[in-house]
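What the coordinates show
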Amino acid sequence: MTQLRKASMLLLGVFFSVLFFVKLTLHNDHVQILKKAFLYIDTGVLTHFGNAATGVGFVPGTFQTIITALPMQVYFSPYSAMAVILLFHLISWWMLAKIMKENFGEVVVVPFLLLYWLNPWRVEQSELYNPAYVFLFSAIHFYTCYYMKKPSFWLSFFNVLAIGFCAQLHYSAIILAILSLMLFAFRYVKVNWYGVAAGTLAVIASLIPYLMHYFSDQSLQVTMNKSDNSFFARNLVMVYPVLKGITYWIRYGAISYGRHIFSEINFLWISEGLARTIVSTCFHGSKWIFAAITVVFSTRVQWRLGRDIWKSKPFTRKDRTDISDLDRIYFYGFYMFFAMLLAVGMSPVELNHWHLILCFPFISMVMTIAFLNLKKQLSQQKYRGLFLALLVIFTMFNIFGALGSRSHSYKSNFHEQVLKFYKSEYPQ
């Protein structure tokens with residue numbers, strides 16, 4: 001029965017992801033990636049830079065083009081690229097679930113499927129844009145750090161690779177880079193320097209085509225000066241963006257999603273009239289109750305963990321490789337929080353939820369542990385009711401968000417839109 005439940009939830013998460021992808025409405029983030037894929041498919045030319053980031057130039061490297069263009073060359077459809085995104089998400093869940101099972105046994109798998117795999121924070125990232133890919137590298141980073149209790153060539157190698165290739169997708173990789181430095185400085189991990197060197201060389205080698213292109217093409221040399229409001233460490237001066245980053249950390253553990261699938265869900269797929277008004281009013285009225293309750297719960301969980309770790313003087317240099325496996329999870333999260341704050345503070349632009357979304361997979365682990373602890377305090381009937389309520393709420397957001405929100409519509413067929421765009425840009 002448990003295996004059937006796991007399989008059902010996995011398939012349900014796949015269905016939600018596919019629904020979100022199919023009902024996408026084509027916009028500029030997709031177009032940037034698709035043009036690079038089309039160029040390779042038609043001419044065999046690889047583009048050695050990724051999407052343009054706000055105020056700070058193009059994301060470096062060829063990796064983004066490879067993981068979209070090659071699948072689309074095998075089968076010419078955006079769904080080929082979508083399969084890679086889904087695979088990245090699935091591998092990230094498997095890696096994190098492995099560590100969770102080591103600490104809590106099989107009992108943790110179903111709650112983790114609910115709070116990570118079916119969570120709208122993950123599902124809404126089933127989109128052809130660069131943040132959709134970062135969950136895998138976030139999971140690899142945690143996985144490698146968790147096991148780096150003693151020097152290991154391969155763990156050190158893949159830790160550096162996770163940072164380097166994540167940076168070729170999204171600049172939020174700076175969070176992972178700062179985090180690795182913090183974990184080393186405060187002796188949470190033990191490093192094999194040969195592995196670090198090999199990983200660094202591998203990343204540099206992958207960036208050689210980009211560097212050659214960068215120094216020969218002035219258009220790639222976009223600087224912060226092009227934006228009057230952008231400068232290094234701007235957010236430390238403004239303060240508000242740093243506080244906003246803290247709210248995202250809390251919201252990733254709550255039912256308080258980005259506005260495109262929270263406040264901008266519409267019900268245009270229901271005929272105009274009383275039925276649409278009733279459904280819309282009930283949903284948009286009740287969502288604030290869900291958000292308020294879960295934000296309070298997430299805040300309490302995060303505050304208590306942070307308070308308890310703070311008492312152990314986490315910023316003193318002492319060996320932490322001998323702490324318990326559960327504490328390794330909590331300490332990693334503590335340092336990740338401060339790495340996130342430093343990254344937000346150094347950013348030249350104000351960040352939104354997708355800029356920090358690589359924090360979500362880890363936060364879903366913490367919330368799953370809190371959910372299991374809550375289970376011990378509730379009767380079996382109340383726990384099942386809570387589980388079912390969350391499942392229903394997640395399902396509503398996933399379905400309603402896909403059928404009608406800022407970037408999604410029940411009328412959309414992303415495959416057809418992409419083919420139409422291709423024919424208009426590259427007439428045969």
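Cut-offs used in this document
Residues numbered from 1 in each chain as written. Predicted model: local features only at pLDDT ≥ 70, side-chain atom pairs only at ≥ 80, totals over all residues. Heavy atoms only, no water. Helix = DSSP H or I, 4+ residues; strand = E, 2+ residues; numbered from the N terminus. Rg over C-alpha atoms; globule rule 2.2 N^0.38 Å. Buried < 20%, exposed > 50% of the residue type's maximum accessible area, 1.4 Å probe, protein only. Contact = heavy atoms within 4.5 Å. Areas by Shrake-Rupley, 256 points an atom, 1.4 Å probe, with all protein chains shown as cover. Disulfide = S-S within 2.5 Å. pLDDT = per-residue confidence, 0-100. Patch = residues over 30% accessible without salt bridge, like charges linked within 9 Å, V, L, I, M, F, W, Y side chains within 5 Å. Salt bridge = Lys/Arg side-chain N within 4 Å of Asp/Glu carboxyl O. Expected span 1.5 Å × (residues − 1). Phe/Tyr/Trp six-rings, centres within 6.5 Å; stacked < 30°, edge-to-face > 60°. Axes fitted to C-alpha atoms, helices over the stretch in contact; angles between N-to-C directions. Parallel < 35°, antiparallel > 145°, perpendicular 65-115°, else oblique. Left-handed = near helix turned anticlockwise from the far one by under 90°. Polar contact = N/O pair within 3.5 Å; in protein donor to acceptor, adjacent residues only side chain to side chain.

So, about the overall build of the protein. A count of helices and strands for the protein gives 17 helices and two strands. For 428 residues, the compact-globule estimate of 2.2 N^0.38 gives 22 Å, and the protein sits close to it at 22 Å. Across its three principal axes, the protein shows a C-alpha extent of roughly 65 × 65 × 45 Å. When each of the 428 residues of the protein is scored for burial, the buried share is 54%. The long-range share in the protein, meaning contacts at least 24 apart out of those at least 6 apart in sequence, stands at 79%. Entry remark: accessible area of the protein is about 19300 Å², with carbon and sulfur atoms responsible for 67%.

Below, the discussion takes up the state of the cysteines. Scanning the model with the defined rule gives zero disulfides in all. Sulfur of Cys166: no disulfide; nearest cysteine sulfur belongs to Cys359 and is 11 Å away.

In the predicted model, the protein carries a mean pLDDT of 91, and the fraction of residues at 70 or more is 94%. Contacts of residues 222-227 to residues separated by more than four positions or lying in other chains number ten contacts, the stretch itself having pLDDT below 50.

This part takes up a nonpolar patch on the surface. Residues Phe153, Trp154, Phe158 and Tyr194 make up a contiguous nonpolar surface patch of roughly 500 Å² in combined accessible area. A per-element tally of the nonpolar patch places helix 8 (residues 153-166) first, with three residues. Inspection of the secondary structure puts Phe153 in helix 8.

Okay, helix 15 (residues 360-377) next. Helix length check: helix 15 (18 residues) gives 26 Å between terminal C-alpha atoms against 26 Å at 1.5 Å per residue, within 8%. With 13 of 18 residues buried, helix 15 lies mostly within the body of the structure.

A separate point is the packing of aromatic side chains. Think of a pair of aromatic rings as described by two things: how far the centres are apart, and how the planes are tilted against each other in angle. Inspection of the entire model under this criterion finds 54 aromatic pairs. Each ring, one from Phe157 and one from Phe158, has its centre 5.2 Å from the other, and the planes form 80°; the classification is edge-to-face. What makes Phe157 buried here is its relative accessible area of 14%. With a relative accessible area of 39%, Phe158 lands in the partly exposed category. Residues Phe331 and Tyr335 carry aromatic rings whose centres are separated by 6.3 Å and whose planes lie at 50° to one another, so their mutual orientation is tilted. Of the two residues, Phe331 and Tyr335 are both situated in helix 14 (residues 325-346); the distance of four residues between them amounts to about one turn of the helix.

Before going further, it helps to spend a moment on the packing of helix 4 (residues 78-104) against helix 7 (residues 134-147). Where helix 4 meets helix 7, the closest approach of the two axes is 8 Å, and the angle between their N-to-C directions is 30°. By the angle between their directions, the pair helix 4 and helix 7 is classed as roughly parallel. When you trace helix 4 past helix 7, the crossing you get is left-handed. For the pair helix 4 and helix 7, the contacting residues are Phe88, His89, Ile91, Ser92, Met95, Leu96, Lys98, Ile99, Glu102 and Asn103 in the first and Phe135, Leu136, Phe137, Ala139, Ile140, Phe142, Tyr143, Tyr146 and Tyr147 in the second.

This next bit is on helix 1 (residues 2-22). Turn by turn, an α-helix covers 3.6 residues, leaving residues three or four places apart pointing in a common direction. Taking 1.5 Å as the rise per residue, helix 1 with 21 residues should run 30 Å; its terminal C-alpha atoms sit 30 Å apart, in good agreement. All buried positions along helix 1 are accounted for by Lys6, Met9, Gly13, Phe16, Ser17, Leu19, Phe20 and Phe21. Contact partners of the buried residues in helix 1: helix 4, helix 5 (109-117), helix 6 (120-123), helix 16 (380-403) and helix 17 (414-425).

Applying the stated criterion across every chain yields a total of seven salt bridges. One salt bridge in this structure joins Asp325 and Lys149, with 2.7 Å as the shortest N-O distance. Of this pair, Asp325 sits in helix 14 while Lys149 sits in the loop between helix 7 and helix 8; the two residues are 176 residues apart in sequence, bridging distant segments of the chain. The exposure class of Asp325 is partly exposed, given its relative accessible area of 31%. The shortest N-O distance in the salt bridge between Glu264 and Arg259 comes to 3.6 Å. Given a relative accessible area of 29%, Glu264 falls into the partly exposed group. Where salt bridges share partners, they join Lys6, Lys101 and Glu106 into one cluster.

Note that His260 resides in the loop between helix 12 (240-251) and helix 13 (274-310). In sequence terms His260 and Gly401 are 141 residues apart; their C-alpha atoms lie 8.1 Å from each other. Reaching out from His260, the side chain makes a polar contact with the side chain of Glu124 at a distance of 2.9 Å.

Mapping His353 onto the fold places it in the loop between helix 14 and helix 15. Apart from residues lying up to four places away in sequence, His353 is in contact with Trp121, Glu124, Gln125, Tyr248, Tyr252, Gly258 and His260.

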